[in-house]
Every structure is written in structure tokens, then in C-alpha cells.
Amino acid sequence: MENYRNATEVQMSQMVQPCHTNYRGELSIGQLLKWIDTAACLSAERHAGCSCVTASVDDIYFEHTISVGQVVNIKAKVNRAFNSSMEVGVQVSYEDLCNGEQWNVCKAYATFVAQGKPTTKIKLKPFIPQTEEEKTEYSIAAERRRMRLAHTDTIKDLSTNSPVQFELENRECTSVVPAKETRVESVELILPPHANHQGNTFGGQIMAWMENVATIAASRLCHAHPTLKTIEMFHFRGPSQVGDRLLFKAIVNNAFKYSMEVGVCVEAYRHEMEVNRRHINSAFMTFVVLNEEGQPRTLPVLKPEPGDGQRRFKEASARQKIRLDRKYVISCKHTEVPLSVPWDQSNKVYLSYNNVTALKTLVAKANWVLASERDKVKMYTLEEDKFLSIRIEMTICIDAMRAFLLLSDLRRRPEWDKHYASSELVQHVDKDDMIYHVISRTMSEEKKVQDFVILVSRRKPCSRGDPYVVAFRSVTLPTHPAKPEYTRGETLCSGFCIWQETEELAKISYYHQATSGVLTYITTNIAGLSSSFHSTFQDCEQFLQKNKDSIAIEPEIL
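What you see is a predicted model, and the numbers here were worked out from it, not measured in a lab.

Calculation criteria
- Residues numbered from 1 in each chain as written.
- Predicted model: local features only at pLDDT ≥ 70, side-chain atom pairs only at ≥ 80, totals over all residues.
- Heavy atoms only, no water.
- Helix = DSSP H or I, 4+ residues; strand = E, 2+ residues; numbered from the N terminus.
- Buried < 20%, exposed > 50% of the residue type's maximum accessible area, 1.4 Å probe, protein only.
- Areas by Shrake-Rupley, 256 points an atom, 1.4 Å probe, with all protein chains shown as cover.
- Expected span 1.5 Å × (residues − 1).
- Phe/Tyr/Trp six-rings, centres within 6.5 Å; stacked < 30°, edge-to-face > 60°.
- Lys NZ or Arg CZ within 6 Å of the ring centre and 35° of its normal.
- Salt bridge = Lys/Arg side-chain N within 4 Å of Asp/Glu carboxyl O.
- Polar contact = N/O pair within 3.5 Å; in protein donor to acceptor, adjacent residues only side chain to side chain.
- Contact = heavy atoms within 4.5 Å.
- Core = buried A, V, L, I, M, F, W, Y, C linked by side-chain atoms within 4.5 Å.
- Pairing = 2+ DSSP bridges.
- Axes fitted to C-alpha atoms, helices over the stretch in contact; angles between N-to-C directions.
- Parallel < 35°, antiparallel > 145°, perpendicular 65-115°, else oblique.
- Left-handed = near helix turned anticlockwise from the far one by under 90°.
- Nonpolar A, V, L, I, M, F, W, Y, C, P; charged D, E, K, R; others polar.

A.B. asks: Explain the overall build of the protein chain to me, and be specific about the residues and the numbers.
C.D. replies: When you go through the protein chain residue by residue, the secondary structure sums to seven helices and 25 strands. In the protein chain, which comprises 558 residues, the share counted as buried stands at 54%. For the protein chain, the accessible surface area stands at approximately 26,300 Å², while carbon and sulfur atoms represent 50% of it.

Right under this line is the structure:
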């Protein structure tokens, strides 16, 4: 694998020239978006073997600005192909040619759709991952796809269930700016230089124009030059061609203490008298205003317009809460106790994503070492940094779907795992996520029984060859605080992956990742990892065999 290179990989290096920059002499984000879209499209077309168009670009977080004379390095490669769409991962960094230093700028995930003849539907060939990194990205791509599909509903639910609040924070700045004063409209005529090699408007150009009008709207709130920090999902809803007019609309949706959200939408029309305009794209951009020391300035309070303005105001608050919750989940130090993240309505989708992603990342790890084998049960270990991970594996005669349904119901775990005293379902989040309160038989160092609050996230295969996944992680739930009679235990990452090996056989693998803070529990903890783990998982097999016919399943079409 030393000489291996992903066949879809595209590398692009661009020297930042003055024509690429904003008023500060820094690379314009609009120009960067053009380069990102170009590299990603070339990668997608390498895999598809035909023309591809941008369907969406996931959230982008910009870590650094780039100055004139520095070199932007962009690497794009396909992570996974679905039916007619594929995910392309893009990594952006920059280097200073004078001292050779390099910095990461951002990571982006773009979805492209293969374009065949008008009456022909393209079915993409599968992408086969080779390296550990590719296997991880391939597996997690299915989770990111699920997040995209659920995102709109999440925002709607969160904004609907929260009241409008005009006094969100104590502000040092007392000025109030009506939202209508930040409104921007701009029209662009699509000319041949704006089209891509397929004759449609270049997606990167549309994104650059969107960034431009959003910046103007943000400037009208703060009367200063704002800095773009994040972009929340470009969603292309349809194509436009040379000769079309594109109408760009931007307005500040909400202003927080140190940041503001600008909403941008794009409509296309062919003739000036055309009434029914086509919605082409939309995105939300978060800006800050930096002072001379590079620190965020306090922003004015925004007064939303009635009706739609209040809806946008509330939805912006919901998106900000999701961003903050997501940042908190990512920033948690997994080697320190407590490991649990508070669960609430705003972070339920991302916590579920994080739960499944952590397990899939562990599954994709290389260098597992066979530690022991007895009968049908094998135990593997993996040591890295401050983590010790364990994998327990067995192949049994059962349908994978039946095993998945039985093992994902934690209420039935005490039937086969002697370390469980009880397991109560305390919150049915949705069809894929449940929260349980577990009381174990394990005694802590304080000579108390341990209890756990566990989020169980389960996933069916996205395509053939994928496993069924049941992921566990500890969360904090206000209704179930720690009690003095128990020692609250925690698990960072554990769960089952179940593969259908043949029509009759399924391979069941259990994974558990322990950190330095919980290694003392490694032989007698909630995961059922003990010196007698062989008998525990033999009991598991007997449980599955005994109950497999009690589970009704429907045939799935993948």
C-alpha cells in the first residue's frame, strides 16, 4: 500500500494573487469556494466517468485566513458512491513558501450527482475503500448523508418548540438595528464565462456571488468589514444556464453577542416579465467583526421583521444552538472524566451522529491483535495513545436483521449479560435512538453499585455489505441525575456491528473503547468485558438462538 493512491484524488495548488483577495489582502472566501467546487467536481467525474453537478456542500468552518503570496493546496477525493450521487471530501490547507510552514484551513464535504442523457439514469459503480482513512470516511459518509436528510426537520422542530426571545444576551452594545436595513438584492446575468464545461452555471461561481451579497448584508448591520467564519450547507435545488438571470437575496436573520447569521437565497428566471422564478440555492453564513487585536466585537441587537422575519430569527437561534452543542461534543476531552455530554432536543441528531461515527471509526481501525480464542468466540485488542480497545467476535447461525433487533433492545440485555441487573427505557427519542438507565451488578471502588445513562443509536445498512450498527455512549439526562446510592459509570464508545456473511450465517462483533479514566473498570464494567467474557458471549449466542424466531422482520431492498 506504500505506492497506493486513490484513483479519484485530485490535487490543486493555487498562488494567491491580489485579484483573489478582499480589502484586507486576504483570500476571498468566494474565490476559495470556486477552487473547492472545481477540485471536487473533477474528483467526482473521475469516478463517474461522466459529467457531474454539485447537489450540496456541507457546513464549512474556516480556521485561518490566507494572504497574498501564500499557496492554497486543495485535495479532493470520493469518499463513497451511492446510487447516482457520491460524497467528495475536500481538504484545504495553505503554505508559506518563505518558511515552509503549513496550516489547515477547512474541510468540506460535497455531494455530486452524475448527469447522463435526459432520459437516462446513471447508476454509479461502487467505490471500494483501501486504506484505514478511506474505510473510515466511507463508513461515516452514510451517517453524513442521514444528517443532511434530517437537518431541515431538526431545525423546524427546534424553532417551533422555542419561544421568540428578543433579549437573548446581556449586551454591552445597546444599539438596535431593524433587520430590513440589512436587506440586499443583487442580480447577475449568466454569461458564457460563468458556465461550466456542461453548459450550466458553475456552482462555485454561484457560491461566490452568494458570499458577496451575504458580506454586504452583514456590513450593513455592523457598519464594518465582517469576517466569514462558517457556512451552513449550500443546497442546489436546480440548474441555471447561460442567459438566465440570478436574483440574490440576503438579510441578517439574527445577531448574537459576537456573531451574526445571514441568510441567502438565489432565484433564477429567464425573462424580466417572468412571474414564477425558480429557487436555485440557499445557505446560511455566520460572520464576526474583529477588532485591531483580532478579537470579536460586540454586535448591535437585531430587530426582526414581523412574520417571516420572526421565523428566520428563531431558526437562526436554533442553528446557533446546534453549532454550539456540536462544538461542545467535539471539544470534549475523551481522556478525562466526565465523558458524558448532556442530551437535549437541540443536539439529539448530532449526538446520535457522533455516537455512530465514533463506533464506525473504531471498527475501521487497523492493527487489531488476536488476544485469545475459545470455541467460536475471538477476542482482539488494539492499543493506541491513551486508549485500549477490545473487539469480541463470533459467527452464528442467525439472520443479521434479527440479531440487530434483539441486541439493540437494551431492556433484554440482562437476559444474557450477568453484569446487567436491570435496564429501563427512559426516553424513546425516535425510531433509531433510545436512552436507557442501566443498573449493573458491578461494584465500584466506593463499594457501590454502578449505574449508567446510555444513548443507544442503531442503523440499518445503507447498502449491501454494510453492517447493522448498534452504538452505545453515555449521556447526561436531567431526569436521571447521579444518586448517592450508585456510582455513576460512563462509557465513551461501544457497540455491535453485525454483518450478514451468508444466507444463514451472521458475524457479530462487539467493540468497546476504554480510556485512562475508566481502565479500572475494564474487567468488570457495563460492556460485559470480564475475565469470563467467553461465557458471556456464549450466553449471548444462546439468547439469540432461543429468541430469533420471536422477531418478525420485513424483507429489505437495498
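Past the structure itself, the notes keep going.
A.B. asks: Which residues make up helix α5 (residues 348-363), and what values do they have?
C.D. replies: Helical geometry: 3.6 residues make up each α-helical turn, so side chains three or four residues apart lie on a common side. With 16 residues, α5 extends 23 Å from end C-alpha to end C-alpha; this agrees with the ideal 22 Å at 1.5 Å per step. Counting buried residues in α5 gives 13 out of 16 residues, a clear majority hidden from the surface.

A.B. asks: Any details on the packing of aromatic side chains? Residues and values, ideally.
C.D. replies: Counting across every chain of the model gives ten aromatic pairs. Aromatic rings pair up to connect Trp416, Phe472, Phe496, Tyr510 and Phe537 into one cluster. Looking at Arg80, its charged tip hangs above the ring of Tyr138, at a distance of 4.1 Å from the centre.

A.B. asks: Quick one: what's the story with the pattern of salt bridges, residue by residue and with numbers?
C.D. replies: Scanning the entire structure with this criterion turns up 26 salt bridges. The partner of Arg311 in a salt bridge is Glu315, with the nearest N and O atoms 3.2 Å apart. Taken as a pair, Arg311 and Glu315 lie in helix α4 (residues 308-331) at a separation of four residues, close to a single helical turn. Take Glu315: its relative accessible area is 16%, and that puts it in the buried class. Residue Glu415 pairs with Arg412 through a salt bridge whose shortest N-O separation is 3.0 Å. For Glu415, a relative accessible area of 48% gives the class partly exposed.

A.B. asks: Describe in detail helix α6 (residues 400-408), supporting the description with residues and values.
C.D. replies: Burial within α6 is extensive, with seven of its nine residues counted as buried. One side-chain oxygen of the residue at the start of α6 lies 2.9 Å from the amide nitrogen of Met401, identifying that residue as Asp399.

A.B. asks: Account for the side chain of Asp432, naming residues and giving values.
C.D. replies: Among the secondary structure elements, Asp432 is positioned in the loop between β19 (420-428) and β20 (433-443). There is a polar contact of 3.1 Å between the side chain of Asp432 and the side chain of Lys431. If we skip the residues at most four places from it in the chain, Asp432 touches Arg146, Val456, Ser457, Arg458 and Arg459.

A.B. asks: Explain the nonpolar core to me, and be specific about the residues and the numbers.
C.D. replies: If you look at the biggest cluster of nonpolar residues, it comprises 74 residues, and the most contacted ones within it are Leu32, Ile74, Phe234 and Met260. What Leu32 contacts, discounting residues up to four positions off in sequence, is Leu27, Phe62, Val72, Ile74, Val92 and Val105. Ranked by size, the runner-up nonpolar core spans 36 residues in total, among them Tyr436, Ala506, Cys540 and Phe543.

A.B. asks: Outline the sheet that holds strand β10 (residues 234-235), supporting the account with residue identities and numerical values.
C.D. replies: An order of β1-β4-β5-β6-β2-β10 is seen for the six strands of this open sheet, with the pairing classed as antiparallel. Here the strands that pair on one side only, and so sit at the sheet edges, are β1 (10-15) and β10. Helix α1 (residues 29-48) contacts β1, β2 (52-57), β4 (71-81), β5 (85-95), β6 (102-114) and β10 of the sheet and is inclined by roughly 40° relative to β4.

A.B. asks: Outline the packing of α6 against helix α7 (residues 533-547), supporting the account with residue identities and numerical values.
C.D. replies: Contact geometry of α6 with α7 gives a least axis separation of 10 Å together with a crossing angle of 115°. Relative to α7, the element α6 is oriented roughly perpendicular. Helix-helix and strand crossings are classified by hand; for α6 and α7 the assignment is right-handed. Counting all contacts with α6, which are made through Ala403, Leu406 and Leu407, the residues of α7 involved are Cys540, Phe543, Leu544 and Asn547. For the contact of α6 with α7, the class distribution of residues is six nonpolar, one polar and no charged.

A.B. asks: Account for the environment of Val184, with residues named and values stated.
C.D. replies: When you line up the elements, Val184 lands in strand β8 (residues 184-189). For Val184, a relative accessible area of 5% puts it in the buried group. For the pair formed by Val184 and Ile216, sequence separation is 32 residues and the distance between their alpha carbons is 7.2 Å. If near-sequence neighbours (up to four positions away) are discounted, Val184 is found in contact with Val213, Ile216, Ala217, Arg220, Phe248, Lys249 and Ala250.

A.B. asks: Describe the environment of Gln538, with residues and values.
C.D. replies: Along the chain, the position of Gln538 falls in helix α7. Overall, the relative accessible area of 23% leaves Gln538 in the partly exposed class. The spatial distance from the C-alpha of Gln538 to the C-alpha of Met394 is 9.1 Å, given a sequence separation of 144 residues. Discounting residues that sit within four places of it in the chain, Gln538 has contacts with Asp375 and Val377.

A.B. asks: With reference to specific residues and values, describe the sheet that holds strand β11 (residues 245-255).
C.D. replies: Read across the sheet, six strands follow the order β3-β9-β13-β12-β11-β8 without closing on themselves; strand pairing throughout is antiparallel. Looking along the sheet, the strands with just one partner apiece sit at the ends: β3 (60-61) and β8. One ladder, built from five bridges, connects strand β9 (residues 227-232) with strand β13 (residues 278-288); its direction is antiparallel. Bridge pairing in β13 places Ile231 opposite Met285. This element, helix α3 (residues 203-222), spans β8, β9, β11, β12 (260-269) and β13 of the sheet and lies at about 40° to β11.

A.B. asks: Tell me about unusual backbone geometry, residues and numbers included.
C.D. replies: Of note, His223 is a non-glycine position whose phi angle comes to about 50°, a positive value. Looking at the element boundaries, His223 is found in the loop between α3 and β9. Phi is positive for Met233, close to 45°, though the residue is something other than glycine. Met233 gets classed as buried once you look at its relative accessible area, which sits at 18%.

A.B. asks: Quick rundown of the packing of α1 against α3? Include the residues and the values.
C.D. replies: The N-to-C vectors of α1 and α3 enclose an angle of 160°; their axes lie 8 Å apart at closest approach. Classified by the angle between their axes, α1 and α3 sit roughly antiparallel to one another. As α1 runs across α3, the sense of the crossing is right-handed. Facing Ile29, Gly30, Leu33, Lys34 and Asp37 of α1, the residues of α3 in contact are Gly203, Gly204, Gln205, Met207, Ala208 and Glu211. Residue composition of the contact of α1 with α3, by class: four nonpolar, four polar and three charged.

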